Each structure stands twice: as C-alpha cells, then as structure tokens.
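Structural overview for review
Listed below are the residues making up each chain.
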Amino acid sequence: GITLNHSRKWITLVFRGSESWKDIIHDVIIWQKTLHDKEKVHYGIYRQLECDFSYNTIRREIRKLCSEFPDYKVNITGHSLGGGLALLFAYKLSVDNSSLPIRCVSFASPKVGNKAFVDAVNKKSNLIHIRCYTSKDIVPMLPFRGYQHVGEEIKLCKDSIEYMKITNTTIPSLCG
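Attention in this report is confined to the structure presented alongside it. Predicted model, so just to flag it, every value in this text is computed and none were measured. (Residues numbered from 1 in each chain as written. Predicted model: local features only at pLDDT ≥ 70, side-chain atom pairs only at ≥ 80, totals over all residues. Heavy atoms only, no water.)

1. Overview of the side chain of Asn126
- Inspection of the secondary structure puts Asn126 in the loop between helix H5 (115-123) and strand S7 (127-133).
- Exposure remark for Asn126: the relative accessible area of 7% places this residue in the buried category.
- A polar contact is formed between the side chain of Asn126 and the backbone oxygen of Asn97, at a distance of 3.1 Å.
- Not counting residues up to four positions away in its chain, the partners in contact with Asn126 are Ser94, Asn97, Ser98, Ser99, Leu100, Pro101 and Ile102. (Helix = DSSP H or I, 4+ residues; strand = E, 2+ residues; numbered from the N terminus. Buried < 20%, exposed > 50% of the residue type's maximum accessible area, 1.4 Å probe, protein only. Polar contact = N/O pair within 3.5 Å; in protein donor to acceptor, adjacent residues only side chain to side chain. Contact = heavy atoms within 4.5 Å.)

2. Looking at the environment of Ser94
- Along the chain, the position of Ser94 falls in helix H4 (residues 81-96).
- Taking the C-alpha atoms as reference points, Ser94 and Ser125, 31 residues apart in sequence, are found 8.8 Å from one another.
- If near-sequence neighbours (up to four positions away) are discounted, Ser94 is found in contact with Ile102, Lys124, Asn126 and Leu127.

3. With respect to the pattern of salt bridges
- Tallying each qualifying case throughout the model produces seven salt bridges.
- Note that Lys92 is salt-bridged to Glu50, the shortest N-O span being 2.8 Å. Taken together, the residues span a long stretch of sequence, with Lys92 in helix H4 and Glu50 in helix H2 (residues 43-52) at a distance of 42 residues.
- With a relative accessible area of 16%, Lys92 lands in the buried category.
- On the accessibility criterion, Glu50 (24% relative accessible area) is partly exposed. (Salt bridge = Lys/Arg side-chain N within 4 Å of Asp/Glu carboxyl O.)

4. Focus: the packing of H4 against H5
- Two elements in contact, H4 and H5, have axes separated by 10 Å at closest approach and are oriented at 60 degrees. As far as their axial angle goes, H5 and H4 are oblique. For H4 against H5, the interelement crossing comes out left-handed. Of H5, the residues touching H4 (which contributes Leu87, Leu88 and Tyr91) are Phe117, Ala120 and Val121.
- Of the residues that constitute the contact of H4 with H5, the class distribution is six nonpolar, no polar and no charged. (Axes fitted to C-alpha atoms, helices over the stretch in contact; angles between N-to-C directions. Parallel < 35°, antiparallel > 145°, perpendicular 65-115°, else oblique. Left-handed = near helix turned anticlockwise from the far one by under 90°. Nonpolar A, V, L, I, M, F, W, Y, C, P; charged D, E, K, R; others polar.)

5. Comments concerning the packing of aromatic side chains
- Tallied over the full model, the rule gives five aromatic pairs.
- Each ring, one from Tyr91 and one from Phe117, has its centre 5.2 Å from the other, and the planes form 75 degrees; the classification is edge-to-face. Here Tyr91, found in helix H4, pairs with Phe117, found in helix H5; they are 26 residues apart in sequence, far enough to count as distant. When sorted by exposure, Tyr91 lands in the same class as Phe117, which is buried.
- An aromatic cluster is present here, built from Phe15, Tyr55 and Phe89 joined pairwise through their rings.
- Sitting over the ring of Trp10, Arg8 keeps its end group 5.3 Å from the ring centre.
- Here the basic side chain of Lys92 rests over the ring of Tyr55, its NZ or CZ set 4.7 Å away from the ring centre. (Phe/Tyr/Trp six-rings, centres within 6.5 Å; stacked < 30°, edge-to-face > 60°. Lys NZ or Arg CZ within 6 Å of the ring centre and 35° of its normal.)

In structure tokens:
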C-alpha cells in the first residue's frame, strides 16, 4: 500500500509479510540472484518484487507522487517478507534516483543479500535503513548461509530497546 501523510509530508510505501502458500514458496527460494557485479540478493524476494509486486509499476507511482509533492520524504517499510521486499525496493529505488532521500524501516526481515550487497547499501548516501527485530524471532536469522543483515539495528527486548550499530543515523531522524 502507498499512503500520504500531508501533515508530516510523508509518502509511505508498506509491504505486507507472508500470507499465502505462494509467499512461503518465495520465502524458501534462497538461491542468489546477481543484481550488479558481485551484489547478490535472495532470489525469492527478488522474484516477488519484480514479478508479483511489479517493481516498475510501484516505482512509477512513487515517482509521480514525488513530483506532485516534491518536499515530501519517502518512507518504505514492511514486516517479515515485507521487510525484505521493503529493503530491496528501497535499494533499487535509491540506485534509480540517487537524489531522492529514502528511509527504510524493516521489521523482522530475513537477510536479503550477500556482503557485496550490504556494502553497496551502506555506501548509498540517499538511503537509511533501520532494521527492527526481536531476539526470539527466527525469521531475521534466515537464510543462515551466504547472507548478511544490513542497516542500523534496533533490537526490541521484553523490557527495553537496544540500539546497535547506530553510526551514521540518529534515531530522532526517524520522526522528522
């Protein structure tokens, strides 16, 4: 879904998590798809973004809204599979439009790419990724081999919140 918040001047794209057998099949297609050079990503997530969710259609809508509301910020979010889709979409959009500032917040997302992908995401000056998770959720641990997490981490604990690897981002920037 795409929402507009005129009081905060936000364009927000939200990806849902797995809800069907088709989604679960995409979740387990863990071989890697090459994006650029050595950047490789989870093939099931890539396939769902490119085919089922039609990256180009969503990108056109986001671009249209950005031209209609040029002072609005772009936020992309999702939970579980949706968190992986949010990160991959945010990265691809940041490559397609390097002047557009993008903020991505994922919740309980699986790992999306290899070390080269992580390095490429971290080098993007127009993309901030915040990854929220709980230690008891297995989905953020998957896939186990060949993949790494990217972004700043917020670990949600029973009685507290732990901020980890917060380096080039401050948490208050999420609210601005």
